[in-house]
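Inside the fold
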Amino acid sequence: MLIDLKDIVKDYDNGGIITHVLKGVNLSIDEGEFVAIMGPSGSGKSTLMHTIGFLDRPTSGEYFFDGQNTKDFDDDDLAHIRNERIGFVFQSFNLLPRTTVIDNVMLPLLYSNIKTGHRHKAKVALEAVGLGDRIDFMSNQISGGQKQRVAIARALVCNPKVLFADEPTGNLDSKSGSTVMSILEQLNKEGRTVILVTHDMNVALHAHRIVTIKDGEIISDKKVDAKDRIHSKIISD
Amino acid sequence: MNKYFQQALKGIKASPSRTFLTTLGIMIGIGTVILVLSAGEGFKSYINAQIDAFGSNTVIIETSVPPSTKDRSSGQSSSTANSSAVNAVPITTLKNRDVEDIKQLPNVKNAYGASIGQQIATYGNVSKNIFVFGADASRFDIDKGVIARGRPYTTEEDKSLSQVAVLGHDIAIDLFGDSDPLGKFVRIGNYNFEVIGVYERRGSFGFSNDDEQIFIPISTLQKKILGTDYLLYSVVELVDNNKADTTALDISDILRRNHYITNPAQDDFKVSTQAESLATFNTILQAITYLLIAIACISLVVGGVGVMNIMYVVVTERIGEIGLKKALGARHKDILYEFLIEAILLTLIGGVIGIIGGIFLSFIVSKIAQSFGLTWKLIVPISSIIISVSVSMIIGVVFGVFPARNAAKLNPIEALNKE
């Protein structure tokens, strides 16, 4: 089991007013799964993803990652896990401005233990998302769909086990969105665990399992039948 | 370390004009430090040249007001004697005889006594209020001034109260213009003096400007113009400068004997060796230098606060970027170093521009000083550059560490959400 959450609680203290965002979540995800976390805004799905992705610590509960209890990990340990084991794709791409595409992709390598071959690794990752010919473009000179593909390349460059995608198609037109989803499908097919956060059923139906969260609690956890799954194609732009 | 440097450089290149303005305070501070230290060295070179020109291996005897004479009521004797030229009390005890006696000392090669009077000098219809400088003929052997045209006066001319004069460079031009002054007569007080020599240009030194003085035999000055028989000061040339201190003591003994002084606290003269004058001068120069550097440091601190201020702004601006970097695996110290190095680079850029500006200003100062005829070397001490660079880096660390820590402490989620 890759991810095992046991009774995860997350409270936010907002000037004395305590908000219970996650109210005892139990969730297990195996290696190689393609999971969509669904829920309306304010349901806690983003907080859940941040907790699983080590961007945030739970208030209580236990989180086993790859068999290890993460309770005693310090901030540097978590940074290390985020760097090498996890890749993030955000809704708003979050590329560095005034920076070339390849430099954006090389950024995680900067903070890794990998000392050499940064440029080559970044190039390979960009070729994998079909942007081998855009490496020296500035990040603001490419389209939104291309930006998200650069972000995916950046998430892949350290060869992580898990890919987190937070509303990856939220800021994209349907054509670009379709391309991004097909890339995620492909990455899952190659054996990578993909965890997708979305409120859009058409996006969620790409996954093999849909976890629905509401008011900080998991209200359903269903497998998606193969016949119901949506498959996207790469649509060249 | 290289990776932090690259990220920091990217940040600085993002807004060059802001970088320039931010580092302005550092530039001015460092530039001032360089200028002050360089000007100090230049001034030192000028003073050394002047002391050399006075004659190397010399000891100077000045008249001085004994402390008890100056202030009987206070009853305490101050250790530093006061020059009679500065205090308006004339000390009349230093005589030509003293100089003759001092010449007998084994380590004394030569000596001259000198006095000064203020007079009107007239040639044709041009009149100038000038200082008439009287000295023994031996002054021409000791002093390094070069007579461009004509000749110095001789001991015989001095003894016979001859009315001959050697003109400073500027006064010769003021009185005679383009015409040759040699052989012509200039009126000083009630007497006509034959011009027998003209000095080369020397430049001014302190309050006296040799170029604007007229040099005549001391006996002529004393007997015909001033009506006195005493000297203002005397310059003694030594055989061996290493024995200057003992010779100075010997000179003091002679003067005390001649002046009937038993208690050294009552000395009516002051004997200073070159080493002493240099030491006094250096002490004063150092005090002034430290004062000016302290003022420059205020600019450095203000500049440092400016850098800190901008770094806080930069951290706020790049809050999303910091969150992203943390999400991608940057550790606390990665972010800390990136911002710290950016702050250091900022101050370092200011420092380097300040150094260049400071050297440029020092160059201008030296050129201006040289245009006034001063022997002023352009010296930029390496130590001043090393100090400036390290100071600007230290400012970067000191004023960069707080904003950088703020950046590093950011929670990645909060930082990402603020984007």
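Residues numbered from 1 in each chain as written. Chains lettered and ligands numbered in written order. Predicted model: local features only at pLDDT ≥ 70, side-chain atom pairs only at ≥ 80, totals over all residues. Heavy atoms only, no water.

Taking 1.5 Å per residue, 13 residues should reach 18 Å; helix H5 (residues 144-156) of chain A reaches 18 Å between its end C-alpha atoms and fits that length. Burial within H5(A) is extensive, with eleven of its 13 residues counted as buried. Gly145(A), Gln146(A), Gln148(A), Arg149(A), Val150(A), Ala151(A), Ile152(A), Ala153(A), Arg154(A), Ala155(A) and Leu156(A) are the residues of H5(A) that are buried. On its buried face, H5(A) is in contact with strand S6 (86-89), helix H3 (101-110), helix H4 (118-128), strand S7 (162-166) and helix H6 (174-189) of chain A together with helix H12 (319-327) of chain B. (Helix = DSSP H or I, 4+ residues; strand = E, 2+ residues; numbered from the N terminus. Expected span 1.5 Å × (residues − 1). Buried < 20%, exposed > 50% of the residue type's maximum accessible area, 1.4 Å probe, protein only. Contact = heavy atoms within 4.5 Å.)

All right, on to the nonpolar core then. Among the nonpolar cores identified, the biggest contains 71 residues, and Ile3(A), Leu5(A), Leu48(A), Ile52(A) and Phe339(B) are the most heavily contacted of them. Ranked by residues supplied to this core, first place goes to helix H13 (residues 332-371) of chain B with ten residues. If we ignore the near neighbours within four places in the chain, the residues touching Leu48(A) are Leu5(A), Leu22(A), Val25(A), Leu27(A), Ile37(A) and Ile213(A). One finds Val89(A), Ile102(A), Ile183(A) and Ala207(A) within the second-largest nonpolar core, a separate group that totals 42 residues. (Core = buried A, V, L, I, M, F, W, Y, C linked by side-chain atoms within 4.5 Å.)

This paragraph deals with the interface of chain A and chain B. With 19 residues of chain A at the contact, the number on the chain B side is 21 residues. Each partner contributes to the roughly 2,000 Å² buried at the junction of chain A and chain B, and carbon and sulfur atoms together form 62% of this total. Where chain A packs against chain B, one counts zero salt bridges. At the boundary of chain A and chain B, one finds three residue pairs in polar contact (both at pLDDT 80 or more). Among the secondary structure elements, those contributing two or more residues to the side of chain A that touches chain B are helix H2 (75-84) and H3 of chain A. (Buried area = accessible area lost by both parts, 1.4 Å probe. Salt bridge = Lys/Arg side-chain N within 4 Å of Asp/Glu carboxyl O. Polar contact = N/O pair within 3.5 Å; in protein donor to acceptor, adjacent residues only side chain to side chain.)

Residues and elements named next belong to chain A. Read from one edge of the open sheet, six strands run S6-S7-S8-S3-S9-S10, paired in mixed fashion. At either margin of the open sheet sits one strand with a lone partner, and together these are S6 and strand S10 (217-223). If you compare each strand with its neighbour and ignore which way they point, the axes differ by 15° on average. Across five bridges, strand S3 (residues 34-38) lies against strand S8 (residues 193-198) in parallel orientation. Following the sheet pairing, Phe34 is matched in S8 by Val194. Contacts between helix H1 (residues 45-52) and the sheet are confined to S3, S6, S7, S8 and strand S9 (209-214), with S7 contributing the most and set at about 155° to the helix. (Pairing = 2+ DSSP bridges. Axes fitted to C-alpha atoms, helices over the stretch in contact; angles between N-to-C directions.)

All right, on to the pairing of strand S9 (residues 213-217) of chain B then. All names here are of chain B. The buried fraction of S9 amounts to five of the five residues, a majority that puts the element mostly inside the structure. Pairing of strand S4 (residues 126-135) with S9 involves five bridges; the strand directions are parallel. Its bridge partner lying in S9, Phe131 is registered against Gln213. As defined by bridge partners, strand S6 (residues 164-167) adjoins S9 across two bridges and the pair is classed as antiparallel. By the bridge assignment, Leu167 is partnered in S9 with Ile214.

All names here are of chain B. H13 packs onto helix H1 (residues 2-14) with a crossing angle of 55° between their chain directions and a minimal axis gap of 8 Å. Relative to H13, the element H1 is oriented oblique. The interaxial crossing formed by H1 with H13 has right-handed handedness. In this structure, H1 uses Lys3, Tyr4, Phe5, Gln7, Ala8, Leu9, Gly11 and Ile12 to contact H13, whose residues at the interface are Lys333, Asp334, Tyr337, Glu338, Ile341, Glu342, Leu345, Leu346 and Ile349. Class assignment of the residues belonging to the contact of H1 with H13 gives a composition of ten nonpolar, two polar and five charged. (Parallel < 35°, antiparallel > 145°, perpendicular 65-115°, else oblique. Left-handed = near helix turned anticlockwise from the far one by under 90°. Nonpolar A, V, L, I, M, F, W, Y, C, P; charged D, E, K, R; others polar.)

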